[in-house]
Amino acid sequence: MRTTEETEGFDGEASNTSMISGASSPYQPTTEPVHSRNVLGGIRCDMEYLKSYFGILKVVEVVLSLIGFICIETIMMCSPCGGVYFFEFVSCSAFVVTGVLLLIFSLNLHTKVPHVNWSLTDLVNTAASTFFFFLSSLVLACINHNTGAEIAAVIFGFIVTLVYGINTFLAVRRWRLGNGCQGAPQTSEYMRARTASRGEMEARPELA
């Protein structure tokens, strides 16, 4: 039978062995706390964006698009109705798309989807809205029955075209500046990664 001293000796050796193996093992238990993910935790109203040029232009575009849509909806009879239907579609689409983008930017929801180029998305929307609002307003100005609702829709259509045009100009400038600023950091990050990988390869001992 094993004596008490032998048992304690085996226990001490076992504990020392486990400590040594635990210290040399690359798979160490993590002590970092696990935080619960809160997807809606970062949503807040960005007043700085709403006070900026882009925020103010977005609000004006949404309001003018809605007014133009309301004006064209008050027309009860038309013949032909092609110009009315075209303006109705453009004003409604611009109101919905621009309104959604306004909510995304003002609530910082675009930070939740960083892989989307939001500057380019805003540029495409403003450029398309400028073109189609100008075209639909021109068509409605040429084909109308001189009613008050049609004249008001044409006036608001050209005004919102001007606002969208200004927004497009600013969006093009922002997109160009963004592409120019992103080129240098991406190149430097690539060079740092290459340098680090070469350093690891040189420091790694050769296998016998």
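Within each chain, residues carry numbers counting from 1 in the order of the written sequence. In keeping with the predicted nature of the model, local features appear solely for residues at pLDDT of at least 70, side-chain atom pairs appear and are counted solely at 80 or more, and the whole-chain, interface and lining totals rest on all residues. In computing side-chain properties, one takes all heavy atoms of the structure into account and sets aside hydrogens as well as water.

An unreviewed UniProt entry annotates the protein as CKLF-like MARVEL transmembrane domain-containing protein 4 originating from Lates japonicus. UniProt positions are given in the numbering used here, feature names are shortened, and annotations may be inferred rather than shown by experiment. One UniProt comment on the protein, placed under Subcellular location (unreviewed entry), says "Membrane".

*Asks:* Before we go on, may I ask you to explain the packing of helix α4 (residues 82-106) against helix α5 (residues 118-142) in this structure?
*Replies:* Angle between the axes and distance between the axes: these two values describe a pair of packed helices. One way to put it is that α4 packs onto α5 with a least axis distance of 9 Å and a crossing angle of 160 degrees. Compared by their axis directions, α4 and α5 come out roughly antiparallel. Here the hand of the crossing between α4 and α5 comes out left-handed. The residues of α5 that touch α4, namely those facing Gly-83, Val-84, Phe-86, Phe-87, Val-90, Ser-91, Ala-94, Val-97, Thr-98, Leu-101, Ile-104 and Phe-105, are Trp-118, Thr-121, Asp-122, Asn-125, Ser-129, Phe-132, Phe-133, Leu-135, Ser-136, Ser-137, Val-139 and Leu-140. In terms of residue class, the contact of α4 with α5 is built from 15 nonpolar, 8 polar and 1 charged. Note on geometry: axes are lines fitted to C-alpha atoms, helical ones only across the stretch in contact, with angles between N-to-C directions running from 0 to 180 degrees. Each helix is a run of DSSP H or I of at least 4 residues and each strand a run of E of at least 2, with the numbering of both proceeding from the N terminus. We call two directions roughly parallel when the angle between them is under 35 degrees, roughly antiparallel when it is over 145, roughly perpendicular when it lies between 65 and 115, and oblique otherwise. Here is the rule for handedness: rotate from the far helix to the near one, and if that takes an anticlockwise turn smaller than a right angle the crossing is left-handed, while a clockwise turn gives right-handed. Residues are treated as being in contact if the distance between any of their heavy atoms lies within 4.5 Å. Polar here means any residue outside two lists: the nonpolar Ala, Val, Leu, Ile, Met, Phe, Trp, Tyr, Cys and Pro, and the charged Asp, Glu, Lys and Arg; Gly therefore counts as polar.

*Asks:* Sorry, what's going on with the state of the cysteines here?
*Replies:* Put plainly, two cysteines are in a disulfide when a covalent bond ties their sulfur atoms together. Disulfides are defined as cysteine sulfur pairs within 2.5 Å. This structure, assessed with the given rule, holds 1 disulfide. One disulfide in the model links Cys-78 with Cys-81; its S-S distance is 1.9 Å. Looking along the S-S bond of the Cys-78-Cys-81 disulfide, the torsion reads about 110 degrees, which is the right-handed sense.

*Asks:* Which parts of the structure should I look at to understand the UniProt feature "transmembrane region" (unreviewed entry) in the protein?
*Replies:* Residues annotated in UniProt with the feature "transmembrane region" (unreviewed entry) correspond here to residues 53-72, 84-107, 127-144 and 151-172. End-to-end, the C-alpha atoms of residues 84-107 are 34 Å apart, and along that stretch the chain is 96% helix and 0% strand. Across residues 151-172 one finds 100% helix and 0% strand; the C-alpha atoms that close the span lie 32 Å apart.

*Asks:* Just checking my understanding: could you explain the packing of helix α3 (residues 53-73) against α4 for this structure?
*Replies:* Relative to each other, α3 and α4 sit at 150 degrees, their axes nearing to 8 Å. The angle between α3 and α4 falls in the class roughly antiparallel. Where α3 crosses over α4, the two elements pack in a sense that is left-handed. Seen from α3, the contacting residues are Gly-55, Lys-58, Val-59, Glu-61, Val-62, Ser-65, Leu-66, Gly-68, Phe-69, Ile-72 and Glu-73; seen from α4, they are Val-84, Phe-87, Glu-88, Ser-91, Cys-92, Ala-94, Phe-95, Thr-98, Gly-99, Leu-101 and Leu-102. Classifying every residue of the contact of α3 with α4 by side-chain character gives 12 nonpolar, 6 polar and 4 charged.

*Asks:* Sorry if this is basic, but what is going on with the pattern of salt bridges here?
*Replies:* Where side chains of opposite charge bring their charged atoms close, a pairing between them can arise. What makes a salt bridge here is a side-chain nitrogen of Lys or Arg within 4 Å of a carboxyl oxygen of Asp or Glu, nothing more. Applying the stated criterion across every chain yields a total of 2 salt bridges. In this structure, the salt-bridge partner of Arg-174 is Asp-122, at a minimum N-O distance of 2.9 Å. Taken together, the positions of Arg-174 in helix α6 (residues 148-203) and Asp-122 in helix α5 put the pair 52 residues apart, joining distant regions of the chain. The rule is simple: take the accessible area with a 1.4 Å probe, protein chains only, and divide by the maximum for that residue type; under 20% is buried, over 50% is exposed, in between is partly exposed. Look at Arg-174 and you get partly exposed, because its relative accessible area is 26%. Assessed through its relative accessible area of 0%, Asp-122 is described here as buried.

*Asks:* Can you walk me through the confidence of the model for the protein in this structure?
*Replies:* Low pLDDT means the predicted atomic positions in that stretch should not be read closely. Overall, the predicted model of the protein reaches an average pLDDT of 77, with 66% of residues at or above 70. Residue-level confidence of the predictor is summarised by pLDDT, bounded by 0 at the bottom and 100 at the top. Put simply, helix α1 (residues 4-24) is where the protein has its lowest mean pLDDT, 49, and α3 is where it has its highest, 95. Considering only residues more than four positions removed or in separate chains, one finds that residues 32-39, a stretch of pLDDT under 50, has 1 contact.

*Asks:* Where do I start with the environment of Asn-108 in this structure?
*Replies:* Tracing the backbone shows Asn-108 in the loop between α4 and α5. On a C-alpha basis, the gap between Asn-108 and Arg-44 in space is 6.8 Å, while along the polypeptide they are 64 residues apart. Those residues in contact with Asn-108 that sit more than four places away from it in its chain are Arg-44 and Asp-46.

*Asks:* Would you take a moment to explain the nonpolar core for this structure?
*Replies:* As a rule of thumb, nonpolar side chains are buried together in soluble globular proteins. Here, the term nonpolar core denotes a set of buried Ala, Val, Leu, Ile, Met, Phe, Trp, Tyr and Cys residues that are joined through side-chain atoms within 4.5 Å. By size, the foremost hydrophobic cluster in this structure holds 17 residues, and its most contacted members are Ile-72, Phe-87, Phe-133, Leu-140 and Ala-153. Elements with a minimum of two residues in this core: α3, α4, α5 and α6. Setting aside its immediate chain neighbours within four residues, Leu-140 contacts Ile-72, Gly-83, Val-84, Phe-87, Glu-150, Ala-153 and Val-154. Core analysis: the next-biggest nonpolar cluster, separate from the first, contains 10 residues, Tyr-49, Phe-54, Phe-105 and Trp-118 among them.

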